[in-house]
Each structure stands twice: as structure tokens, then as C-alpha cells.
Amino acid sequence: MSVTGESDTSTRSRKSKKPASKPSRATKSDISISKASQALGALVTDIDLSKDFSDSEIATLRDAFNTHGLLLFRDQDISPEAHVAFSKRFGELEHHVLNDALLEGLPEIYILSNLKKNGKRVGRAGAGHYWHSDLSYMAHPSLGSLLRSIEVPEVGGDTMFANLAVAYDALSEPMKEFLEGLEAEHSFANVQKRVVSLGLNKPLTPEQLAQTPSVVHPLVREHPETGRKSLFLSPGFTTGIVGMTNEESAAILEFLADHASQPRFVYRHAWKPNDVVFWDNRTLMHYAINDYDYENDRRHMHRTTIRGERAH
Ligand code: SIN
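Each chain carries its own residue numbering, running from 1 in the written order of its sequence. It should be noted that, the model being predicted, local features are given only for residues of pLDDT at least 70 and side-chain atom pairs only at 80 or more, the latter also being counted only at that level, while totals for whole chains, interfaces and linings use all residues. Hydrogens and water are ignored here; the side-chain numbers use all heavy atoms of the structure.

**Here we look at the overall build of the protein**
Phase 1: Put simply, DSSP H or I for four residues or longer makes a helix, DSSP E for two residues or longer makes a strand, and each gets a number counted from the N terminus. Looking only at helices and strands, the protein features seven helices and 19 strands.
Phase 2: Every radius of gyration here is taken over C-alpha atoms, with the globule rule written as 2.2 Å times N^0.38, N being the number of residues. Expected size for 312 residues packed as a compact globule is a radius of gyration near 20 Å; at 19 Å, the protein falls within 12% of this value.
Phase 3: Principal-axis analysis of the C-alpha atoms places the extent of the protein at approximately 55 × 50 × 35 Å.
Phase 4: Among the 312 residues that make up the protein, the fraction classed as buried is 53%.
Phase 5: Any two residues whose heavy atoms approach within 4.5 Å at even a single point are treated as in contact. For the protein, the share of sequence-separated contacts (at least 6 apart) that also reach a separation of at least 24 residues comes to 83%.
Phase 6: A total accessible area of about 14,000 Å² is found for the protein, and carbon and sulfur atoms account for 51% of it.
Phase 7: Counting 36 positive and 41 negative side-chain charges, the protein places the averaged centre of each group 4 Å from the other. Only protein chains enter the accessibility calculation, which uses a 1.4 Å probe. A residue is then buried if its area is under 20% of the maximum for its type, exposed if over 50%, and partly exposed in between. Surface accessibility follows the Shrake-Rupley procedure with a 1.4 Å probe radius. Residue values consider only the protein chains on display as shielding. The charged-residue count follows a simple rule in which Lys and Arg add positive charge and Asp and Glu add negative charge, with His and chain termini not counted at all. Note that the charge is assigned to NZ on lysines, CZ on arginines, CG on aspartates and CD on glutamates.

Take a look at the structure:
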């Protein structure tokens, strides 16, 4: 049996439900922010993301975002337009290169989904089943992503987030000195080949390949707003360290990925419908766990992706 379109109902997924009515405008004092885990993240409550926020409210949220690396908003039964409008308060939005996974009429929304409609995939399947930082394969890697869950499996389909600043701090001084100045190559075509071989996606078109040439970024970067140093790891997209042999590069990258994904640096998010998770791609990497039944469970999400600046 194959999974069908959005309008179908299923007993095997939890689906968005309209929440109780909310106040028409969140004021600064309404919003409350509390730590979500030791590693990273904060839960933001008493907030409705479809409302019009003042500049000072956005500044409060941005400050919390920079401090915690991830903000979790529950019960956000908002429209795609409201999702886009809220995201735009934090920067310019990307139109993902996989243009057939974009929401019709609203290309800022990238659909991550295992659903099919009339036998055709409604969005990008097989996304992010590996550690990565969104759009690290672009010259301007993403600042942050806002992912909204519409349908999620009863069990499974969690996303893990690892704090690469805390992982950097935990390295020895000689290791930090060794990494300083090293650069790694990132490539979208690299991961896309794997997803295509699993039958989940079409190969990139010549136009899409031309839009995503390999790029090089430092292995250690500084957060442009806080100045804090972190590893810049995106194992799913990284092909090697510049100037090293394949063996040297693989050993170092594997050590760093293992180091940074230790449970003490990780927050694991178990999705409920209408969660919005807003994470900082400049300081975190994440991994979408594909432990659910891809054919029969339903996992359907909308993501906006904020453009970042060059990594330094
Ligand atoms: C992604 O944004 O890379 C996918 C995350 C997810 O589906 O949980």
C-alpha cells in the first residue's frame, strides 16, 4: 500500500487540529521562554506566530534564538502565508533548488513529505536522513530554518539537533589549533545521488546542478551575531577537507562527526502536529530519523529557510 495525498485521513498519523482561540496580539510580557534541554534549545509559550509582532518582540525572540540555538513553538495551526510572514522577520527566504518540492504559489515553502498524491510525490522525500546543516552546499549557507509539522507518525520520525559550539568548546587546545584554517568542500549533488539511488527522488536537472556547484567553507566558523566559535560540520554534504588525502580527510571528518553527535551535545525533538521548530544552522547540525514506516505512516512538513552570509 502506498501513502496517498494530504486530503486523505489515516489512523496511523497525528494530524493538525485547530487550537483553542488565542489572544489577538502577543505582547513582550506574554511570551515566556524556558530551556528545552541541557545541550540546546528553548520552549517558547504564550505566543501565536500568525500575529503581527513588534520589532522589540522580534528582538527578544532573536536574542533567545542566538542564546539557545533552537526555539520550539507548540500548537501553531498557522497558514503557509503566516509561516512565511513570521520567517521573513528574521531575514530573506530561499527558494529551494528542488523546485518541484515547493508549495504552489508560495515558493518560500519547501515541502518535506513522504506523501503521494495521484501517485506523485507532494514534496521532497528522504530529506535530511543524515547529519547536516541546511544549505551548507551553497556559497551563503542558511542562517536558520523554520520547520512546521502538519502530519507526523504516531511513533518515530524525530529530529536530532547537535550543538556544534559546545562540541567545539569541548575539544582540546591542540585539536582546536589543528582545525584552525582548515576548509571542507560541500556538495548537494553528493547527497542527492544517494537519495536518488533509494528511489526517493529524481536526479538533479542540468539547471539544478548548475545552481549548486561545490563550495568550500571553513571547518571552524564564528557566529556572525554572537562571535562564538563552532565547528562547521555537515557530514551529509561534505566531500572532504581541502588539500588532504581521502583517507586523512575521512578519518578527521568521522572523528569530528562522532565527537559532535555525542548525546551530551544533542537535543532530540519528538514532533507533535503544529510544532514549529526554528533552529540556527550556523551553530547546529541536525538529523531527521527515518525509523517510521515510509510507505504507510504519514509525515508531512513545511519548511522555510533563511538565507545566511558567507561563513568565516
Ligand atoms: C531537514 O530540514 O533537513 C529535515 C528535517 C526533518 O524532516 O525533520
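Having seen the structure, we can now continue with the description.
**Some details on the layout of surface pockets**
Phase 1: By volume, the largest pocket amounts to about 290 Å³.
Phase 2: Whether a set of points on the 1 Å grid over the protein atoms alone is a cavity depends on a 1.4 Å probe fitting there but being unable to get out, while an open set qualifies as a pocket with protein on both sides within 12 Å along at least five of seven lines; lining residues are those with an atom within 4 Å of a point. Taken together, 14 residues line the largest pocket, and the ones lying closest to its centre are Asp100, Arg121, Gly123, Asn201 and Lys202.
Phase 3: All amino acids are sorted into three groups, where Ala, Val, Leu, Ile, Met, Phe, Trp, Tyr, Cys and Pro are nonpolar, Asp, Glu, Lys and Arg are charged, and the leftover types, Gly among them, are polar. Its residues assigned to classes, the lining of the largest pocket shows four nonpolar, five polar and five charged. Grid points are joined across faces, edges and corners, and a volume is the space filled by probe spheres set on the points.

**Digging into the site of the ligand**
Phase 1: Here a residue counts as near a molecule or strand whenever at least one of its heavy atoms sits within 4 Å of it. Neighbouring the ligand are the residues Leu112, Gly128, His132, Asp134, Leu147, Thr159, Trp279, His286, Ala288, Arg299 and Arg303.
Phase 2: Any pair of nitrogen or oxygen atoms within 3.5 Å is treated as a polar contact; in protein, a donor-acceptor pairing is required on top of that, and neighbouring residues in sequence qualify only through side-chain atoms on both sides. Residue His132 places a side-chain N or O atom 2.7 Å away from an oxygen atom belonging to the ligand.
Phase 3: Take Arg299: an N or O atom from its side chain is 2.8 Å from an oxygen atom of the ligand.
Phase 4: Protein chains shield 98% of the accessible area of the ligand, which is 260 Å² for the free molecule.
Phase 5: Each molecule is assigned to a cavity or pocket provided more than half of its atoms lie within 2 Å of the corresponding grid points. In a pocket analysis with a 2 Å cut-off to the grid points, the ligand is assigned to the largest cavity.
Phase 6: Here the shell around the ligand is composed, by residue class, of four nonpolar, four polar and three charged.

**Considering the side chain of Arg282**
Phase 1: The topology assignment puts Arg282 in the loop between strand 17 (276-280) and strand 18 (284-288).
Phase 2: Here Glu225 takes part through its side chain, which lies 2.9 Å from a polar atom of the side chain of Arg282.
Phase 3: Apart from residues lying up to four places away in sequence, Arg282 is in contact with Phe65, Asn66, Ser142, Leu143, Arg221, His223, Pro224, Glu225 and Ser230.

**Regarding the packing of aromatic side chains**
Phase 1: Note on aromatic pairs: the rings of Phe, Tyr and Trp (six-membered ring only in Trp) are paired at centre separations within 6.5 Å, and the planes decide the class, stacked below 30 degrees, edge-to-face beyond 60, tilted for the rest. What the rule picks out here adds up to 13 aromatic pairs.
Phase 2: Taking the centre distance of 4.1 Å and the plane angle of 15° together, the rings of Phe65 and Phe278 count as stacked. Of this pair, Phe65 sits in helix 1 (residues 55-68) while Phe278 sits in strand 17; the two residues are 213 residues apart in sequence, bridging distant segments of the chain.
Phase 3: Between Tyr137 and Phe237, the aromatic rings sit 4.8 Å apart at their centres with planes inclined by 80°, giving edge-to-face as the arrangement. Linking Tyr137 in the loop between strand 8 (120-121) and strand 9 (144-153) with Phe237 in the loop between strand 14 (229-231) and strand 15 (238-241), this pair joins segments that are 100 residues apart in sequence.
Phase 4: For Tyr137, a relative accessible area of 2% translates into the label buried.
Phase 5: A residue is classified by how much of its surface remains accessible, and Phe237, at 4% relative accessible area, is buried.
Phase 6: Three or more aromatic residues joined by ring pairs make a cluster, and in this case those are Phe53, Phe65, Phe73, Phe86, Phe90 and Phe278.
Phase 7: In this structure, Lys176 packs its charged tip against the face of Tyr168, placed 5.2 Å from the ring centre. Here, over-ring charges are defined by two tests on the NZ atom of lysine or the CZ atom of arginine: distance to the ring centre within 6 Å, and angle to the ring normal within 35 degrees.

**Description of the nonpolar core**
Phase 1: Judged by nonpolar contacts, the single largest core of 27 residues is most densely connected at Leu40, Leu70, Phe161, Phe188, Val277 and Trp279.
Phase 2: Setting aside residues up to four positions removed in sequence, Phe188 forms contacts with His96, Val97, Leu98, Arg124, Tyr137, Leu204, Thr212 and Phe237.
Phase 3: Put simply, buried Ala, Val, Leu, Ile, Met, Phe, Trp, Tyr and Cys residues joined by side-chain atoms within 4.5 Å make one nonpolar core. By size, the runner-up hydrophobic cluster in this structure holds 26 residues, among which are Leu49, Phe53, Ala64 and Leu106.

**Examining the pattern of salt bridges**
Phase 1: Here, a salt bridge means any Lys or Arg side-chain nitrogen found within 4 Å of an Asp or Glu carboxyl oxygen. For the coordinates displayed, the defined rule picks out 15 salt bridges.
Phase 2: One salt bridge connects Lys176 with Glu173, and the closest N-O pair in it is separated by 3.3 Å. You can see Lys176 and its partner Glu173 sitting in helix 4 (residues 173-179), three residues apart, about one turn around the helix.
Phase 3: Here Lys176 falls in the buried class, since its relative accessible area comes to 11%.
Phase 4: Across the pair Asp280 and Arg282 runs a salt bridge, and its minimum N-O distance is 2.9 Å. The exposure classification of Asp280 matches that of Arg282, with both residues buried.

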